[in-house]
Amino acid sequence: MSIPGRSAPYPPPATGVPAGPRAHLLTTGNTEQYRQVLAEGIDRVGARIARTARPFTGVTPAALAPTVAAVDLDRPLADATAALDELEDVYLRDAVYFHHPRYLAHLNCPVAIPALLGEAVLTAVNSSLDTWDQSAGGTLIERRLIDWTAQRIGLGPTADGVFTSGGTQSNLHAMLLAREEACAHTTTPRRDLLPRLRILASAAGHFSVQKSATLLGLDDDAVICVPTDADRRMCPAALHAELTRCHRDGLVVMAVVATAGTTDFGSIDPLDAIAARCAAAGVRLHVDAAYGCGLLVSPTRRHLLAGIEHADSVTVDYHKSFFQPVSSSALLVRDGLALRHATYHADYLNPAPLSTGEELPNQVDKSLQTTRRFDALKLWLTLRVMGPDALGELFDEVIDRADGAWRLLAGDSRFEVVTRSALSTVVFRYLPTGPAAVLADDANRHARRALSASGEAVVAGTKVDGSQYLKFTVLNPETTVDDVAHVVDLIAAHAGRYVHERSTAVATPCPVG
Ligand SMILES: *Cc1c(COP(=O)(O)O)cnc(C)c1O
């Protein structure tokens with residue numbers, strides 16, 4: 001006699017549409033609801049993108065906070081349409097729009113449509129790339145893209161890597177591997193070695209290097225700043241001097257971090273010369289190419305990354321210069337074995353391989369994360385639809401545009417420009433003449449705030465040698481030189497008005513009494 005319920009054939013999928021709370025889950029009977037709700041969301045965003053006249057409304061946190069605070073999260077709305085209506089008020093209307101040609105602030109790009117398709121697919125299937133048994137093909141796709149990127153870099157046959165949440169995580173991961181490699185190559189006990197470990201990076205490098213050093217329990221002075229030249233590139237001679245000094249002082253340099261595309265200046269450290277110094281000193285080289293990685297697909301500028309192939313590890317941010325939505329980043333390493341430093345085994349997830357040699361491709365063995373998005377799918381679909389050359393052409397175009405902006409500002413007596421970027425940033429400031437020059441810092445700060453408040457354009461600010469500067473980061477090929485010229489005039493007007501008002505206030509004679 002059969003056991004009830006066991007011998008019965010597997011029940012066919014329910015044909016009815018689920019009701020109650022289950023109506024909101026993407027399940028067999030619910031694909032029409034899924035299609036409708038997402039299509040409505042896409043329509044809203046499409047309409048918003050199409051009619052956005054400014055990159056920003058200029059809303060302040062104080063003005064927007066009450067709208068968000070007023071939402072009662074314990075009382076849901078009637079349906080997705082109502083939620084999207086509400087979303088217009090709490091988010092969509094006042095969001096900062098990177099697709100707008102006068103968004104010129106940070107390293108945010110307009111996103112490739114095939115990548116958005118990837119985003120929709122990967123979140124609906126919801127693979128988790130930690131283990132093969134939660135992703136299958138997703139794991140293989142990620143591995144192909146890691147191999148593809150490593151090949152573009154020229155890391156050689158033993159290369160490997162893993163997708164990460166961003167450049168910060170990639171850099172942290174790289175520094176973890178560097179610390180562990182340093183520990184593995186000495187008989188000095190770890191507790192004695194840790195305080196002596198040093199990282200050499202340039203002043204124009206990314207702050208995540210310092211943050212990583214802190215997270216990794218290194219000394220407060222672990223990150224040593226290597227001087228740069230006038231173009232904000234690390235000086236190989238200065239690096240050599242620091243390596244020698246560290247060696248003399250009994251310090252252990254666990255890594256040199258070169259930057260291929262500094263966040264502010266778009267400068268690319270001389271990778272070949274730095275790699276030669278590292279090789280001579282037997283020191284690990286990490287290249288932070290979070291920004292400059294777009295050159296890997298550039299049809300005309302790939303040579304700017306010459307020397308990157310000597311790196312022991314490389315950070316790439318596809319969400320900076322491959323037109324990918326956040327998040328999409330990876331860490332690549334020359335020697336895949338180095339990734340073992342992040343390997344831990346959990347009985348429930350990725351038990352240690354059996355003696356039978358059976359081994360599954362579990363990416364969690366290489367990652368700092370466990371549950372992990374299938375971000376690689378976005379890049380995959382982008383490459384399959386557009387191809388790498390098209391991406392590279394877009395990146396080339398924004399570099400050309402930034403150079404146009406640089407020439408415009410260099411020829412404008414109201415402004416001073418800093419170094420000419422190898423990539424797509426321009427650092428500059430409004431420079432009042434005569435006695436008003438002392439107002440430069442405040443005038444530039446004011447101009448940036450006023451511009452943002454007007455919503456006409458968004459630009460970034462930064463400090464150069466202690467003074468306040470402004471920064472354009474061009475990542476949108478839709479940005480024209482006319483857009484840039486318009487923004488430059490707006491900045492000059494805001495800053496000029498500020499200087500005028502402050503000067504007349506200062507010039508007003510004090511009442512004598
Ligand atoms: C943006 C950036 C980072 C950090 O990357 P996130 O993706 O923002 O975490 C690291 N290094 C450089 C040079 C960057 O420009």
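Everything here concerns the structure above.
All figures in this text were calculated on a predicted structure; none of them were measured in a lab. (Residues numbered from 1 in each chain as written. Predicted model: local features only at pLDDT ≥ 70, side-chain atom pairs only at ≥ 80, totals over all residues. Heavy atoms only, no water.)

Q: How should the overall build of the chain be read in this particular structure?
A: The helix and strand inventory of the chain stands at 15 helices and 12 strands. Here the C-alpha coordinates of the chain stretch approximately 110 × 65 × 50 Å along the principal axes. Here the contacts in the chain between residues at least 6 apart in sequence split such that 72% fall between residues at least 24 apart. Looking at the chain as shown, the accessible area adds up to about 24900 Å², and 57% of this sits on carbon and sulfur atoms. Here the chain contributes 47 positive and 57 negative side-chain charges, whose respective centroids are spaced 2 Å apart. (Helix = DSSP H or I, 4+ residues; strand = E, 2+ residues; numbered from the N terminus. Contact = heavy atoms within 4.5 Å. Areas by Shrake-Rupley, 256 points an atom, 1.4 Å probe, with all protein chains shown as cover. Lys, Arg positive; Asp, Glu negative; His and termini not counted. Charge placed at Lys NZ, Arg CZ, Asp CG, Glu CD.)

Q: In this structure, what is going on with the packing of helix H6 (residues 167-184) against helix H8 (residues 208-215)? I would like to understand it.
A: It is the contact of H6 with H8, at a shortest axis distance of 9 Å, that shows an interaxial angle of 50 degrees. In terms of orientation, H6 and H8 fall into the oblique class. As for the relative orientation of H6 and H8, their crossing is right-handed in sense. Side by side, H6 and H8 meet where Thr-168, Asn-171, Leu-172 and Met-175 of the first sit next to Ser-208, Val-209, Ser-212 and Leu-215 of the second. Looking at the contact of H6 with H8, its residues break down into four nonpolar, four polar and no charged. (Axes fitted to C-alpha atoms, helices over the stretch in contact; angles between N-to-C directions. Parallel < 35°, antiparallel > 145°, perpendicular 65-115°, else oblique. Left-handed = near helix turned anticlockwise from the far one by under 90°. Nonpolar A, V, L, I, M, F, W, Y, C, P; charged D, E, K, R; others polar.)

Q: Looking at this structure, I do not really get the sheet that holds strand S1 (residues 103-104). What am I missing?
A: Strand pairing in a sheet takes place through backbone hydrogen bonds and is either antiparallel or parallel in direction. If you walk across this open sheet you meet the five strands as S1-S11-S12-S10-S9, and the pairing is mixed. In the strand order of this sheet, the two ends are held by S1 and strand S9 (415-417), each with one partner. Bridge count between strand S10 (residues 425-430) and strand S12 (residues 467-473): four bridges; the pairing is antiparallel. Each bridged residue has a counterpart across the sheet, and for Val-426 the counterpart in S12 is Phe-472. Here helix H13 (residues 388-410) sits on the sheet in contact with S9, S10 and S12, set at roughly 20 degrees to S10. Here helix H14 (residues 440-454) sits on the sheet in contact with S10, strand S11 (458-464) and S12, set at roughly 35 degrees to S12. (Pairing = 2+ DSSP bridges.)

Q: Sorry if this is basic, but what is going on with the nonpolar core here?
A: A general tendency of soluble globular proteins is for nonpolar side chains to be buried together. Core analysis: the biggest nonpolar cluster contains 90 residues, and Val-256, Val-287, Phe-472 and Ile-491 have the highest contact counts within it. When we break this core down by domain, the ones giving at least three residues each are domain 1 (118-346 + 360-385) and domain 2 (390-507). Ignoring any residue separated from it by four or fewer positions in sequence, one finds Val-287 in contact with Ala-258, Ala-260, Leu-271, Ile-308, Ala-311, Ser-313, Val-314 and Thr-315. Counting residues in each nonpolar core, the second largest holds 25 residues, with Met-175, Leu-194, Met-254 and Ala-255 among its members. (Core = buried A, V, L, I, M, F, W, Y, C linked by side-chain atoms within 4.5 Å. Buried < 20%, exposed > 50% of the residue type's maximum accessible area, 1.4 Å probe, protein only. Domains from an automatic or database assignment.)

Q: Explain the environment of Ala-222 here, please?
A: Relative to the helices and strands, Ala-222 resides in the loop between H8 and strand S4 (223-226). Measuring from C-alpha to C-alpha, the distance between Ala-222 and Val-253 comes to 9.1 Å, with 31 residues separating the pair along the chain. Setting aside chain neighbours within four positions, we find Ala-222 in contact with Leu-197, Arg-198, Ile-199 and Ala-213.

Q: Would you mind going over the site of the ligand with me for this structure?
A: Around the ligand sit 14 residues in total, of which Gly-167, Thr-168, Asp-288, Asp-317 and Lys-320 are the nearest. Within the side chain of Asp-317, an N or O atom sits 2.7 Å from an oxygen atom of the ligand. In the model, an oxygen atom of the ligand is placed 2.8 Å from a nitrogen or oxygen of the His-319 side chain. In the complex, 86% of the free accessible area of the ligand, which totals 380 Å², lies under the protein chains. (Near = heavy atom within 4 Å. Polar contact = N/O pair within 3.5 Å; in protein donor to acceptor, adjacent residues only side chain to side chain.)

Q: Where do I start with the layout of surface pockets in this structure?
A: In this approach the atoms are scanned with a rolling probe the size of a water molecule, which exposes any empty space left behind. In this structure, the largest pocket spans a volume of roughly 1500 Å³. The wall of the largest pocket is formed by 42 residues, among which Val-45, Ile-49, Val-111, Leu-116 and Pro-325 lie closest to the centre. Sorting the residues of the lining of the largest pocket by element identifies helix H1 (31-51), helix H3 (80-92), helix H4 (113-125) and H13 as the ones contributing at least two each. When residues of the lining of the largest pocket are assigned to their parent elements, the largest contribution, 10 residues, is made by H1. Here the lining of the largest pocket gathers at least three residues from each of two domains, domain 1 (118-346 + 360-385) and domain 2 (390-507). (1 Å grid on protein atoms, 1.4 Å probe; cavity = no way out; pocket = protein on both sides within 12 Å on 5 of 7 lines; lining within 4 Å. Points joined across faces, edges and corners; volume = space filled by probe spheres on them.)

Q: When you look at the packing of aromatic side chains in this model, what are you seeing that I'm missing?
A: Working definition: an aromatic ring pair is given by the centre-to-centre distance plus the angle between the planes. Counted according to the given criterion, the structure contains seven aromatic pairs. Measuring from centroid to centroid gives 6.5 Å for Trp-148 and Phe-322, while their planes differ by 80 degrees, and the two rings are edge-to-face. Linking Trp-148 in helix H5 (residues 137-153) with Phe-322 in the loop between helix H11 (318-321) and strand S8 (329-333), this pair joins segments that are 174 residues apart in sequence. Consider the rings of Phe-415 and Phe-428, whose centres lie 5.8 Å apart with planes at 65 degrees: the pair is edge-to-face. One end of the pair, Phe-415, is in strand S9; the other, Phe-428, is in strand S10, and 13 residues separate them in sequence. Each of the two residues, Phe-415 as well as Phe-428, counts as buried. (Phe/Tyr/Trp six-rings, centres within 6.5 Å; stacked < 30°, edge-to-face > 60°.)

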